[in-house]
Amino acid sequence: MPSQKTGHHVKLNSRTNLGADMSLLTVETGTRLWGRFESLRDHLFHQYDDIKYDPSTGLSLEELEEDVVSYLQNNRDQPRILQKANVTRIVLTRGRIGIDPEDWFVDKLDHGCQRRSISCDNKPDKGGIIRRLSLDWLDEAMQAPIAEESAWVDRARRLGHASLPIGGLDRGHIAPGWDDMLSAGLTGLLAKVAAAREALGEQATAGQLAFYQAVEIVYKAAITLAGRFRRLAEEMAENDPEHRERLLIIASAMSNVLAHRPRTFHEALQFEWLMHELIEMEGELVRSMGQFDRTLYPFYKADIEEGRLTRDQARELIKFFWYKWYARTQGLENGKNFCLAGQYPDGSEITNELTYLALEAHEEMATPDPKLSVRFNPDTPEELYRRVGEMIRDGNHSFVLLNDPVAIEALVKTGRTPEDARFYLPIGCYEPAVEGKEAGCKMNITVNMAKWVELALHDGKDPATGEQVGPNTGDPRSFADFEELWNAFVRQMNFFLERSLVCIQAAERAWPQINPSPMIAGTFEHCISRGRDIGEGGPLYNGVGFVGAGLANACDSLFALKKTIFEDRTYSMNEMLDALRSNFAGREQMRQYLLNRVAKWGNNDPAVDELGTEIADLYCNKVHTFVNGRGGACTAALFSLDFALRGGLLTGALPDGRNAGASLAPSLNASYGRDTAGVTALINSVTKLDGTLTPNGAVVDVTLHPSAVAGEEGLEALISLMKTFFAQGGYGVQFNVFDVETLKDAQRNPEQYATLQVRVTGWSVYFTSMSKLEQDNYIARITHGN
């Protein structure tokens, strides 16, 4: 029997099927549902602190774990992808669920980790029952097939030479095929699986058949989970008159998604959120939620045109939707990336009404998570430049701005078609990948470029421990000229990159046994057509990202050695080595000379910038000769994220005058306090680099004093700076607008600055949530600019 409307309220007979009534969420829906975000903000922030699951809806966590253990014990010989799929089925169909009647979106399933995040991998529950499987299988692999490589990875991490995921396998930095999912729902993907299997016929291998079966198992389980949420919402609506309307809307939505194409903007948001949760539950880290204003615009546009939503109501839904990511991690992780603007595959501009509505919602939320990537190109409307500029000037620092022509050309150079390249998403922070076609493993390794200088000066030994890390390249005291030192540096770089590749290839060969992933693989069209999982090279593009950190430190150190030892002969190599070993103890005058009298990267100095460009080109071109363990390309990046601080702690004193343990230079920037010629000179240095050689991303951090962007003239100056950076071939840029005294006052009086955001690297945080060390480091980083 259909539901009946009376005024603004919906009458519901017991067990009514709401699947056909998409009009439940309309402009006329009870006004008490709207305008409530601010009053519920604190409640929503704590929604994952102590989740209330309905005990009548499924097994307790202990019972669920018993079922999983029993299943695995009875199916030891089953392919691991089917073991994973069936464990997922058990959790999704039997685990307890709950619904928060104050929220627009459902997701609460008791799978063993309430506040799931990257850090859950380090907790005893390892992120929940399903994720635990992959982590246990990773532990097994590290004890046998990749034991030698894992040991090398651990040593590289311990000595500060690199940062790699545990075991050398990047299970994150991936985005599913959002368009394919939303176009026909999971039933549409299941139909594609059936068609692909039929097309293969008798030629299908056992592995392909297991893959197809696994995708079917997890998608049918996901559809069952959605139905369970629908039934619970219906039951709750009968007994909760205060929240009845919202619960009926939820029930209506869950009667349609995840099985079918969303009918409304609300359903599309619900679809994305729940699939994000299920994919991360499986063991991947979904590091991009897609092109928000492209993927979701048709749903938004239809709702507005057909009178189901007002613009204000749609903005409120976005805030509820986005706030869930912030509540999940409470700002303590790396932020979830949503992309705005850019180009369609045919090259036309994406920017639309939803672009600006999303910016309004983000501005009103004033949270560091999610973070926004905005793509710019020659057709970008002036209005978008102004809107983003205004938000940055007013303290919203959750942006990274990307230059489409450069990013797209970089992707085309590494094998993507122009149409696919225009379909890129920034994965994680700045790392582009083609949505639904690429598993890029964008942060598989971050290498410390400054360490190659250390190794070249110590015959391949790590100076802190004396361990032989690189090849023997000779005693630097015997080098007759800078060319010999340069050759030693290049040999250390090549050795380290090549050895890293061997470890990554080994880990990737073990990937199918470590982390089978049918939930996300089914959203990749080529995984379905090929019958291969993500770890088996199923996607069209299978990449591995090499990230270079500390470019300025390597450049400035080599330039200082060239200038002060081989050209001007200010110091001998013995004096330099002694100073570095003692961390400049008793040699402060020498350190100050190296810091202040020798030219540095980031000041538009032709000689230094030429050396920096040569280092970057050499590194990028070397990486691009590699083939990874899945047969795909390796791609280079130049940025540092938090490795600048972590890697710096494990790096000794350098010839550029940097003390041991001090932070490395952030991303493409000058070393802290060394870009003394101003922001224009910094941009001129950075844009001498060939951005098309960094298809895995590159970024420069620009800090401006509030007085520089004040008023209309200041806004125009900021926009001009953006356009200049893009016109000169820069890849990515992120801005902070601060004066140092404000940050120091926030240290003294944190309660008065609870909402002060800073863009520390690839993500934003509240300044007061940083440790004292991180705060001091950040202030030191921007002090000279103010």
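Structure report, in brief. (Residues numbered from 1 in each chain as written. Predicted model: local features only at pLDDT ≥ 70, side-chain atom pairs only at ≥ 80, totals over all residues. Heavy atoms only, no water.)

Points about the nonpolar core
Counting residues in each nonpolar core, the largest one holds 228 residues, and the members touching the most others are Leu 92, Phe 265, Phe 292, Trp 322, Leu 401, Phe 546 and Tyr 619. Considering each element in turn, this core owes the most residues, 17 residues, to helix α7 (residues 206-239). Excluding residues within four positions of it along the chain, Tyr 619 makes contact with Val 447, Met 449, Trp 452, Met 493, Leu 497, Phe 546, Val 547, Gly 548, Ala 636, Ala 637 and Leu 638. One finds Val 740, Ala 746, Phe 767 and Met 770 within the second-largest nonpolar core, a separate group that totals seven residues. (Core = buried A, V, L, I, M, F, W, Y, C linked by side-chain atoms within 4.5 Å. Buried < 20%, exposed > 50% of the residue type's maximum accessible area, 1.4 Å probe, protein only. Helix = DSSP H or I, 4+ residues; strand = E, 2+ residues; numbered from the N terminus. Contact = heavy atoms within 4.5 Å.)

Digging into the pattern of salt bridges
Applying the stated criterion across every chain, the model contains 53 salt bridges. Residue Glu 280 pairs with Lys 336 through a salt bridge whose shortest N-O separation is 3.1 Å. With a gap of 56 residues between them, Glu 280 in helix α9 (residues 265-282) and Lys 336 in the loop between α12 (311-329) and β6 (337-341) connect regions that are remote in the sequence. You can call Glu 280 buried: its relative accessible area is 8%. Ionic pairing is found between Lys 301 and Glu 305, a salt bridge with its closest N-O pair at 2.8 Å. (Salt bridge = Lys/Arg side-chain N within 4 Å of Asp/Glu carboxyl O.)

What about the environment of Gly 290?
Looking at the element boundaries, Gly 290 is found in the loop between α9 and α10 (292-295). For Gly 290, a relative accessible area of 1% corresponds to the buried category. In sequence terms Gly 290 and Trp 178 are 112 residues apart; their C-alpha atoms lie 6.7 Å from each other.

Overview of the side chain of Lys 600
Residue placement: Lys 600 occurs in the loop between α24 (588-596) and α25 (606-623). No salt bridge is formed by the buried Lys 600; the nearest opposite charge belongs to Asp 556, separated by 5.5 Å. Within the structure, Lys 600 has its side chain in polar contact with the backbone oxygen of Leu 594 (distance 2.4 Å). At a separation of 3.3 Å, a polar atom in the side chain of Lys 600 contacts the main-chain carbonyl oxygen of Leu 595. Excluding residues that lie within four positions of it along the chain, Lys 600 makes contacts with Asp 556, Leu 594, Leu 595, Val 608, Asp 656 and Arg 674. (Lys, Arg positive; Asp, Glu negative; His and termini not counted. Polar contact = N/O pair within 3.5 Å; in protein donor to acceptor, adjacent residues only side chain to side chain.)

What to know about unusual backbone geometry
In this chain, Val 257 is followed by Leu 258 through a cis amide linkage whose omega measures 20°. Residue placement: Leu 258 occurs in the loop between α8 (244-254) and α9. Here the amide bond leading from Asp 369 into Pro 370 is cis, since omega sits at 5°, within 30 degrees of zero. Following the sequence through the fold, Pro 370 ends up in the loop between α13 (353-365) and β7 (371-376). Look at Asn 583: it is not a glycine, yet its phi comes out positive at around 60°. With respect to the secondary-structure elements, Asn 583 resides in the loop between α23 (573-581) and α24. Taking the relative accessible area as the measure of exposure, Asn 583 reaches 29% and is therefore partly exposed.

Thoughts on the sheet that holds strand β16 (residues 700-704)
In a beta sheet, neighbouring strands are held together by backbone hydrogen bonds and run either parallel or antiparallel to one another. A sheet is described by the order of its strands in space; here five strands give the open sequence β6-β7-β8-β17-β16, paired in mixed fashion. What marks the edges here is a single partner per strand, and that holds for β6 and β16. With direction set aside, neighbouring strand axes in the sheet form an average angle of 25°. Looking at chain direction, β6 and β7 are connected through five bridges and run parallel. For Asn 337, the partnering residue across the bridge sits in β7 and is Lys 371. The sheet contacts of α13 involve β6, β7 and β8 (399-403), and relative to β6 the element is tilted by about 140°. (Pairing = 2+ DSSP bridges. Axes fitted to C-alpha atoms, helices over the stretch in contact; angles between N-to-C directions.)

Points about the pairing of β6
Judged by how many residues are buried, β6 sits mostly within the fold: five of five residues are covered. For the crossover that starts at β6, traverses α13 and ends in the parallel β7, the hand is right-handed. (Right-handed = clockwise from strand over helix to strand, strands pointing away.)

Some points on a nonpolar patch on the surface
A surface patch of nonpolar side chains, amounting to about 270 Å² of accessible area, comprises Leu 649, Leu 650 and Leu 773. Relative to the elements of secondary structure, Leu 649 occurs in helix α26 (residues 643-649). Of the residues examined, Leu 649 reaches a relative accessible area of 49% and is grouped as partly exposed. (Patch = residues over 30% accessible without salt bridge, like charges linked within 9 Å, V, L, I, M, F, W, Y side chains within 5 Å. Areas by Shrake-Rupley, 256 points an atom, 1.4 Å probe, with all protein chains shown as cover.)

Remarks on helix α11 (residues 297-305)
All of the buried residues in α11 are Phe 299, Tyr 300 and Asp 303. Projected down its long axis, α11 shows its buried positions confined to an angular sector of 100°, all on one face. Turning to α11, the residues buried within the fold contact α6 (178-200), α9, α10, α12 and α13. One or two positions beyond α11, positive phi appears at Gly 307, with a value near 80°. (Arc of directions from axis to C-beta.)

Some details on α6
Between the first and last C-alpha of α6 there are merely 26 Å, a value that for 23 residues lags more than 12% behind the 33 Å anticipated at 1.5 Å per step. Of all the bends in α6, the greatest, near 105°, is centred on Gly 185. As for α6, its buried residues are in contact with α7, α9, α10, α11 and α21 (525-530). With its phi angle positive at about 55°, Gly 201 sits one or two positions after the end of α6. (Expected span 1.5 Å × (residues − 1). Bend = angle between axes of the 7 residues up to and from the residue.)

Concerning the packing of aromatic side chains
The final tally for this structure, using the stated rule, is 27 aromatic pairs. On the numbers, 6.4 Å between centres and 65° between planes, the contact of Phe 482 with Phe 566 is edge-to-face. In this pair, Phe 482 sits in helix α18 (residues 482-509) while Phe 566 sits in helix α22 (residues 551-567), placing the two residues 84 residues apart along the sequence. Among the residues examined, Phe 482 registers a relative accessible area of 13% and is labelled buried. Connected via pairs of aromatic rings, a cluster forms that spans Phe 105, Trp 273, Phe 292, Phe 321, Trp 322, Trp 325 and Phe 338. Lying across the ring of Tyr 48, Arg 328 places its NZ or CZ 4.0 Å from the centre. (Phe/Tyr/Trp six-rings, centres within 6.5 Å; stacked < 30°, edge-to-face > 60°. Lys NZ or Arg CZ within 6 Å of the ring centre and 35° of its normal.)

With respect to the pairing of strand β17 (residues 732-737)
By the criterion of burial, β17 is predominantly enclosed, with six of the six residues buried. Burial of β17 is two-sided: the residues Gly 732, Gln 734 and Asn 736 facing one way and the residues Val 733, Phe 735 and Val 737 facing the other way are all buried. Taken together, the two bridges between β8 and β17 define a ladder with antiparallel strand orientation. Counted as the bridge partner of Leu 402 is Gly 732 from β17.

Quick notes on the packing of helix α2 (residues 61-74) against helix α4 (residues 129-143)
Contact pair α2 / α4: the axes reach a minimum separation of 11 Å and the direction vectors enclose 45°. The angle between α2 and α4 places the two elements in the oblique class. With respect to the hand of their crossing, α2 and α4 are arranged in right-handed fashion. For the pair formed by α2 and α4, the contact residues are Leu 61, Leu 64, Glu 65, Val 68 and Leu 72 on the first element and Ile 129, Arg 132 and Leu 133 on the second. Looking at the contact of α2 with α4 residue by residue, the classes come out as six nonpolar, no polar and two charged. (Parallel < 35°, antiparallel > 145°, perpendicular 65-115°, else oblique. Left-handed = near helix turned anticlockwise from the far one by under 90°. Nonpolar A, V, L, I, M, F, W, Y, C, P; charged D, E, K, R; others polar.)

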